Amino acid sequence: MKDRLITIVTTGLMVLGLAFLGFLGWQWWQSRLPASYDVMDYGVVDRGGGPEAEHVHFSVADEKGPPTGKPDVSVTLTAEKSRVRLASGAQVDGWTFNGKAPGPEIRLVRGQLLQVTLANKDISDGVTIHWHGVDVPNAEDGVAGVTQDAVPPGGRYVYRFRPEQSGTFWYHTHQNASAGVEKGLYGGLVILRDPRSLGYELTLPIHTFEGHAAIGTNDDVGRKVVPAGVPVRLRLINTDSSPVRLRLAGMKPVLVAIDGADIRPASVPVGEALEIGAGGRYDIAFQMPHGPAGVAVVSSKAELVLSPTGTGELPASASHPVFDPAARDEAAPVRLGSKFDRTFQLRITQKVGFLDGKPGRHWALNGKLYPRVPMFEVARGDLVRINLVNDSSGVHPMHLHGHHFLVLSRDGKAVAPWSTDTLEMLPHERYTVAFRASNPGLWMLHCHNLKHAADGLSMHLMYAGATTPFRAGESAHNDPE
Ligand code: C2O
Ligand code: CU
């Protein structure tokens, strides 16, 4: 009797154990990405409560910039492995454009035609160029496996577009971006409103090269001679995957633009630090004082000192609170309407499961692991709202390609709206953002902590009817993140 009971119980446990193993095995099997796939094959289509729009099929590859016409600005960027020498003398093995990291700064005037020829010399993973923050036509967006194939060693690709925005942007590879950007495949992109000079201007991509924080390539004290009284504009770009904190000293700084879009100028209270989320840009303006003034990367040696004599030190300042863009008291007038055609929910959590066969705790979007994440479907012309919730203890700078978010509220409280393409969400923050769907295509929406993106914090915004001829996956040699 007792023996029979033991046999029944052990058999039962074994069956349960096997069933559980079978379930895990099935989950594992199911999570594996095929060798090549269409990014639209797996996502869970979400229409945000709006009607199903008519699917008039169009290919993202046809959404090109002007195919003909002489470019006003023409640049060739060659991706190649190269030693990057920092100001302190430190050297790192980098992946560069034209032998430099950051790559050459591209400058043009709004409305001009830009042509960039990308050549890949020896980056075996392949390269693309994404124009971060510029709402280009979809085929020029530079996302491997979505809007083009990654350019292999020896290959070339030509981008052409006429930007309608002006401001501070940047470019970077969007093939294996988590490795490529960190190693140096990025540069500044400045689009001027008009060709007249605004005074003294510097574009300052801030990047960490193998542990060395640097402003440009300055991981030490850099100096510039700037006469007193001159209007100065610093274009600060965070090209890292985590937030960067900056100390501004010796001047009365005014924040004039966020993510390339002008805001009503907001004074940064003296001593307040600036924190720029990954991928984000802040433009700071001030009048050059008689003494030294400049910017330092907090908890690093990197600083840039401007002074009329080319000498002097930045005045010391204790650590201070961080400037909060949501706390600006005056807002520029908002031009979006208020009747939303679609409202999406996007909740970021962590979940135990398999991501492409790898077990672990992974980022999840609306409870799902990549690629079975939501796919937001919109129709051209829609006014779209997204309620973003960061239900995790990580910082997530959420970046939408091809469009700009207008930030409407944080944690349920209305804010003075600002336009952003990379919205930094602190742990457990909630935001409501809106945008007009006016740029047809298939667009990435992902975390700009590129390691998070590579670990599944990535999805797509698609216009009804969009199709792509490109495939993601290992055998397609396309891996955007
Ligand atoms: Cu700056 Cu999808 O990237
Ligand atoms: Cu993230």
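The shown structure was predicted, so the numbers you read here are calculated from the model rather than taken from an experiment.

About the criteria used
Residues numbered from 1 in each chain as written. Chains lettered and ligands numbered in written order. Predicted model: local features only at pLDDT ≥ 70, side-chain atom pairs only at ≥ 80, totals over all residues. Heavy atoms only, no water. 1 Å grid on protein atoms, 1.4 Å probe; cavity = no way out; pocket = protein on both sides within 12 Å on 5 of 7 lines; lining within 4 Å. Points joined across faces, edges and corners; volume = space filled by probe spheres on them. Helix = DSSP H or I, 4+ residues; strand = E, 2+ residues; numbered from the N terminus. Nonpolar A, V, L, I, M, F, W, Y, C, P; charged D, E, K, R; others polar. Phe/Tyr/Trp six-rings, centres within 6.5 Å; stacked < 30°, edge-to-face > 60°. Buried < 20%, exposed > 50% of the residue type's maximum accessible area, 1.4 Å probe, protein only. Donors = N, O, S within 2.8 Å, 3.2 Å for Na, K, Ca; no water. Polar contact = N/O pair within 3.5 Å; in protein donor to acceptor, adjacent residues only side chain to side chain. Pairing = 2+ DSSP bridges. Patch = residues over 30% accessible without salt bridge, like charges linked within 9 Å, V, L, I, M, F, W, Y side chains within 5 Å. Areas by Shrake-Rupley, 256 points an atom, 1.4 Å probe, with all protein chains shown as cover. Salt bridge = Lys/Arg side-chain N within 4 Å of Asp/Glu carboxyl O. Lys, Arg positive; Asp, Glu negative; His and termini not counted. Charge placed at Lys NZ, Arg CZ, Asp CG, Glu CD. Axes fitted to C-alpha atoms, helices over the stretch in contact; angles between N-to-C directions.

Draft legend 1. Representation of empty space enclosed by the protein in the model. Enumeration over the complete set of coordinates arrives at one cavity of 30 Å³ or more. Here the largest cavity is characterised by a volume of approximately 40 Å³. In terms of lining residues, the largest cavity is bounded by Val 39, Gly 43, Tyr 370, Pro 371, Val 373, Pro 374, Met 375, Ser 458, Met 459 and His 460. Counting only elements with at least two residues in the lining of the largest cavity, the list comes to β24 (374-378) and β32 (458-463). For the lining of the largest cavity, the leading source of residues is β32, giving three residues. Tallied by class, residues from the lining of the largest cavity come to seven nonpolar, three polar and no charged.

Draft legend 2. Inspection of the packing of aromatic side chains at higher detail. According to the stated counting rule, one finds nine aromatic pairs in the structure shown. Measuring from centroid to centroid gives 5.5 Å for Trp 131 and Tyr 159, while their planes differ by 80°, and the two rings are edge-to-face. Of this pair, Trp 131 sits in strand β7 (residues 130-132) while Tyr 159 sits in strand β8 (residues 156-161), and the two are 28 residues apart along the sequence. Its relative accessible area of 0% is what places Tyr 159 among the buried residues. Ring plane angle 20° and centroid distance 4.1 Å describe the contact between Phe 344 and Phe 376, whose orientation is recorded as stacked. A residue pair is termed long-range when its members are at least 10 positions apart, and Phe 344 in strand β22 (residues 342-355) and Phe 376 in strand β24 qualify at 32 residues. Pairwise contacts between aromatic rings join Phe 97, Trp 131, Tyr 157, Tyr 159, Phe 161 and Tyr 171 into one cluster.

Draft legend 3. Region of interest: the coordination of the copper ion (ligand 2). Here the copper ion (ligand 2) is held by His 396 (ND1), Cys 447 (SG) and His 452 (ND1), and the distances to it run 2.0 to 2.1 Å. Counting gaps between the donor residues of the copper ion (ligand 2) yields the pattern H-x50-C-x4-H.

Draft legend 4. Region of interest: the side chain of Glu 80. Along the chain, Glu 80 turns up in strand β3 (residues 73-85). For Glu 80, the side chain forms a polar contact with the main-chain nitrogen of Gly 99, separated by 3.4 Å. Polar side-chain contacts of Glu 80 include one of 3.3 Å to the side chain of Lys 121.

Draft legend 5. Region of the structure containing the pairing of strand β16 (residues 254-258). The element β16 is largely enclosed, with a buried count of four among its five residues. For β16 and strand β19 (residues 281-287), the ladder comprises four bridges, and the chain directions are antiparallel. Bridge pairing in β19 places Ala 257 opposite Asp 283. Looking at chain direction, β16 and strand β17 (residues 261-267) are connected through four bridges and run antiparallel. Note on β17: the bridge partner recorded for Val 254 is Ser 267.

Draft legend 6. Just a negative patch on the surface, in detail. Taken together, the side chains of Asp 125, Asp 356, Glu 474 and Asp 479 define an acidic patch exposed on the protein surface. When you line up the elements, Asp 125 lands in the loop between β6 (114-120) and β7. Under the relative-accessibility criterion, Asp 125 is labelled partly exposed at 32%.

Draft legend 7. Spotlight on the sheet that holds strand β13 (residues 221-225). Spatially, five strands are ordered β13-β21-β20-β15-β18 in an open sheet, and the strand pairing comes out mixed. The two strands at the open ends of the sheet, each matched to only one other strand, are β13 and β18 (274-276). Each neighbouring strand pair of the sheet contributes to a mean axis angle of 20°, computed without reference to strand direction. Alignment of strand β15 (residues 244-249) against β18, held across three bridges, turns out to be antiparallel. Following the sheet pairing, Leu 246 is matched in β18 by Leu 274.

Draft legend 8. Structural view of the pattern of salt bridges. Going through the model one piece at a time under the given rule, you end up with 20 salt bridges. Taking the shortest distance from any N to any O, the salt bridge between Asp 382 and Arg 342 comes out at 2.5 Å. Taken together, the residues span a long stretch of sequence, with Asp 382 in the loop between β24 and β25 (383-390) and Arg 342 in strand β22 at a distance of 40 residues. The burial state of Asp 382 is the same as that of Arg 342; both residues are buried.

Draft legend 9. How the structure looks around the sheet that holds strand β29 (residues 422-425). Taken together, six strands build an open sheet; the order of strands is β1-β24-β32-β31-β26-β29 and the sheet is mixed. A strand with exactly one partner marks an edge of an open sheet, and here the two such strands are β1 (44-46) and β29. Taken pair by pair, the neighbouring strands of this sheet meet at an average axis angle of 25°, ignoring direction. Pairing of strand β26 (residues 396-400) with β29 involves four bridges; the strand directions are antiparallel. Counted as the bridge partner of Met 398 is Leu 423 from β29.

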